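Descriptive analysis of the structure
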Amino acid sequence: MAGRRKVLSPVHARALIKEAIGIIEGDCAIQAEAAGEIAAIEAAHTSSNPEPRPKRSTRT
């Protein structure tokens, strides 16, 4: 993945910040809610952007 930068959506960034706040404050409910949001966002991204297949090598 050289040359490509991952960019987080604002929703993903907010969910990560929310999870960090839950960790810092020791609030398991907020942390769990944020983890669920992050998992949903990543699942939606994965299903809409499948990994490219490796190219076949040609036999010579």
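Residues numbered from 1 in each chain as written. Predicted model: local features only at pLDDT ≥ 70, side-chain atom pairs only at ≥ 80, totals over all residues. Heavy atoms only, no water.

Structural notes on helix α1 (residues 10-25)
Here α1 contains 16 residues, and its C-alpha end-to-end distance of 22 Å stays within 8% of the 22 Å for a straight helix at 1.5 Å per residue. All of the buried residues in α1 are H12, A15 and G22. The buried residues of α1 occupy one face: seen down the axis, they fall within an arc of 85°. Structural note: α1 exposes P10, R14, I17, I24 and E25 on the side pointing more than 90 degrees away from its buried face. Looking at the packing, one finds that the buried side of α1 touches α2 (28-48). (Helix = DSSP H or I, 4+ residues; strand = E, 2+ residues; numbered from the N terminus. Expected span 1.5 Å × (residues − 1). Buried < 20%, exposed > 50% of the residue type's maximum accessible area, 1.4 Å probe, protein only. Arc of directions from axis to C-beta. Contact = heavy atoms within 4.5 Å.)

A short note on the pattern of salt bridges
It is possible for side chains of opposite charge to pair when their charged atoms get near one another. One pass over the full model with this rule turns up two salt bridges. Of the charged contacts in the structure, one is a salt bridge between K18 and E33, with a shortest N-O distance of 2.6 Å. With K18 in helix α1 and E33 in helix α2, this residue pair connects regions lying 15 residues apart in the sequence. On the basis of relative accessibility, which here comes to 24%, the residue K18 falls in the partly exposed class. For E37, the salt bridge goes to K18, with nearest N and O atoms at 3.0 Å. Highlighted residues: E37 in helix α2 and K18 in helix α1, separated in sequence by 19 residues. Since its relative accessible area comes to 31%, E37 is described here as partly exposed. One salt-bridge network, held together by shared partners, links K18, E33 and E37. (Salt bridge = Lys/Arg side-chain N within 4 Å of Asp/Glu carboxyl O.)

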